[in-house]
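Structural characterization, general
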Amino acid sequence: MTLYQPFLDWAIATLQERLSLSPYPIPEGFESKSAVSGKGKRQTEVLTTSFACQSPKLRQIRAAHVQGGEALQVLNFVIFPQLNYDLPFFGGDLVTLPGGHLIALDMQPLFRDDPAYREKYADPVMPSFERHRQQLSWGGDFPAEARAFFSPAFLWTRPTETAVVETQVFEAFRDYLNLYLEFVDRAEPVTDPERREAILQAQLRYLRYRAEKDPARGMFTRLYGPEWTEEYIHGFLFDLERKFPELSCTV
Ligand code: DBV
């Protein structure tokens, strides 16, 4: 069972159709990794594969896909815009664990509390959000400190039925990515130095938070060990500072 493969296939096909894509390097040894988890009859192979590409306006489009049988499936799909665009991040965290599904979908804002930014990048998503949340009820508590990184159109739900993931969640995923690509089409480069600095700081804030609080760290460490995990997180999943080492000095 690979619940999220159709999501990834659709996303890649759509990106290919709508953007001018080029490859994005995946560090050696991180394209694919497998380990056997569990004991005795419960042994299952857990395979993690990575996908990445880029486009003129999008610095990194990347996915981590974890396939570990019926009780462990993850698609973490994030788009990081180039630093000279005020575009939000596209963030999808689609997670299936023994206890059920956990779905987070959003266009994560650079400037959550700026009304003009919200009007530009959250308001157009609200009709889609309102439609989907009829069927995908609010998923309940999530880490309070993460709030700053989500938009008012944050779809957060914990469906119990796999069929809901295959239908309604898939539809929401397609709607959100299509809306995101409309933002990308329209985006114009930012030239004002002050605005660019603000974008850079907001990207760093987001990136550092995600790398530090990555909810998959525990799972990856158990499966593949701490060294592989830290390198995967900082060298691929959240790699901005590696790509621009000079940024590490700016706070
Ligand atoms: N989450 C990631 C990456 C993953 C991943 C890179 C490659 O950011 C998977 C894998 N997310 C993943 C797993 C779990 C979650 C949970 C395996 C389950 C962890 C567990 O229960 O053991 C949204 N993801 C979550 C949760 C949230 C998100 C709110 C519940 C976490 C919790 O209860 O502590 N997406 C996540 C998030 C941000 C985001 C916090 C913040 C900006 O974009």
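Presented here is an overview of the structure given in this document. Since we're looking at a predicted model, the values are computed, not measured. (Residues numbered from 1 in each chain as written. Predicted model: local features only at pLDDT ≥ 70, side-chain atom pairs only at ≥ 80, totals over all residues. Heavy atoms only, no water.)

What follows concerns the overall build of the chain. Along the chain, the regular secondary structure elements total eight helices and eight strands. Taken over C-alpha atoms, the radius of gyration comes to 18 Å for the chain, in line with the 18 Å a tight globule of 251 residues would show. Projecting the C-alpha coordinates of the chain onto the three principal axes gives extents of approximately 60 × 45 × 35 Å. The buried share of the chain, taken over its 251 residues, is 51%. Considering only contacts in the chain between residues 6 or more positions apart, those separated by 24 or more positions represent 65%. Roughly 12,100 Å² of accessible area belongs to the chain as shown, and the carbon and sulfur atoms make up 52% of that amount. Positive and negative side-chain charges of the chain, numbering 27 and 34 respectively, have mean locations separated by a distance of 3 Å. (Helix = DSSP H or I, 4+ residues; strand = E, 2+ residues; numbered from the N terminus. Rg over C-alpha atoms; globule rule 2.2 N^0.38 Å. Buried < 20%, exposed > 50% of the residue type's maximum accessible area, 1.4 Å probe, protein only. Contact = heavy atoms within 4.5 Å. Areas by Shrake-Rupley, 256 points an atom, 1.4 Å probe, with all protein chains shown as cover. Lys, Arg positive; Asp, Glu negative; His and termini not counted. Charge placed at Lys NZ, Arg CZ, Asp CG, Glu CD.)

Now for the pattern of salt bridges. Considering all chains together, one arrives at 11 salt bridges under this definition. Measuring nitrogen to oxygen at the nearest pair gives 3.0 Å for the salt bridge that ties R59 to D239. In this pair, R59 sits in strand β4 (residues 58-67) while D239 sits in the loop between α7 (226-237) and α8 (240-243), placing the two residues 180 residues apart along the sequence. The class of D239 is buried, set by a relative accessible area of 1%. Across the pair R242 and E231 runs a salt bridge, and its minimum N-O distance is 2.9 Å. Of the two residues, R242 sits in helix α8 while E231 sits in helix α7, which places them 11 residues apart along the sequence. (Salt bridge = Lys/Arg side-chain N within 4 Å of Asp/Glu carboxyl O.)

Within the secondary structure, L8 sits in helix α1 (residues 5-18). Taking the C-alpha atoms as reference, L8 lies 9.7 Å from A64; in sequence the two are 56 residues apart. Setting aside residues up to four positions removed in sequence, L8 forms contacts with A63, H65, L75 and F77.

The subject of this paragraph is the pairing of strand β2 (residues 32-37). Here β2 runs beside strand β3 (residues 44-55); their pairing, made up of six bridges, is antiparallel. Within β3, the residue paired with S32 across the bridge is T49. Count of turn residues in the β2/β3 antiparallel hairpin: six residues, of which G38 carries a positive phi of about 85°. (Pairing = 2+ DSSP bridges.)

So, on to the site of the ligand. In the vicinity of the ligand lie 22 residues, with N76, D93, Q108, R210 and D214 positioned nearest. Between the ligand and D93, the relevant distance is 2.6 Å, taken from a nitrogen atom to a side-chain nitrogen or oxygen of the residue. The separation between an oxygen atom of the ligand and a polar side-chain atom of R210 is 2.6 Å. Here the ligand has 860 Å² of accessible area as a free molecule, and 81% of this is covered by the chains. The set of elements that each furnish at least two residues to the shell around the ligand consists of β5 (73-81), β6 (89-97), β7 (100-108) and α5 (193-213). (Near = heavy atom within 4 Å. Polar contact = N/O pair within 3.5 Å; in protein donor to acceptor, adjacent residues only side chain to side chain.)

With that settled, the discussion passes to the packing of α1 against helix α4 (residues 162-186). Where α1 meets α4, the closest approach of the two axes is 11 Å, and the angle between their N-to-C directions is 20°. As far as their axial angle goes, α4 and α1 are roughly parallel. α1 and α4 meet at a crossing whose hand is right-handed. Contacts between α1 and α4 involve P6, F7, W10, A11, T14, L15 and R18 from the first element and V165, V169, F170, F173, R174, L177, N178, L181, E182 and D185 from the second. Residues of the contact of α1 with α4, tallied by class, amount to 11 nonpolar, two polar and four charged. (Axes fitted to C-alpha atoms, helices over the stretch in contact; angles between N-to-C directions. Parallel < 35°, antiparallel > 145°, perpendicular 65-115°, else oblique. Left-handed = near helix turned anticlockwise from the far one by under 90°. Nonpolar A, V, L, I, M, F, W, Y, C, P; charged D, E, K, R; others polar.)

Structurally, E130 is set in helix α3 (residues 126-135). A relative accessible area of 31% means that E130 is categorised as partly exposed. Considering only alpha carbons, one finds E130 and A153, 23 residues apart in sequence, at a separation of 8.3 Å.

Moving on: the packing of aromatic side chains. Scanning the model with the defined rule gives 32 aromatic pairs in all. Taken together, a centroid distance of 5.9 Å and an interplanar angle of 70° make the contact between W138 and F142 edge-to-face. Classification of F142 by relative accessible area gives partly exposed; the value is 21%. Put simply, the rings of Y4, F7, W10, F77, F90, F170, F173 and Y180 touch in pairs and so form one group of aromatic residues. Its guanidinium or amino end placed over the ring of F238, R62 lies 5.1 Å from that ring's centre, counting from NZ or CZ. Sitting over the face of the ring of F170, R174 holds its NZ or CZ atom 4.3 Å from the ring centroid. (Phe/Tyr/Trp six-rings, centres within 6.5 Å; stacked < 30°, edge-to-face > 60°. Lys NZ or Arg CZ within 6 Å of the ring centre and 35° of its normal.)

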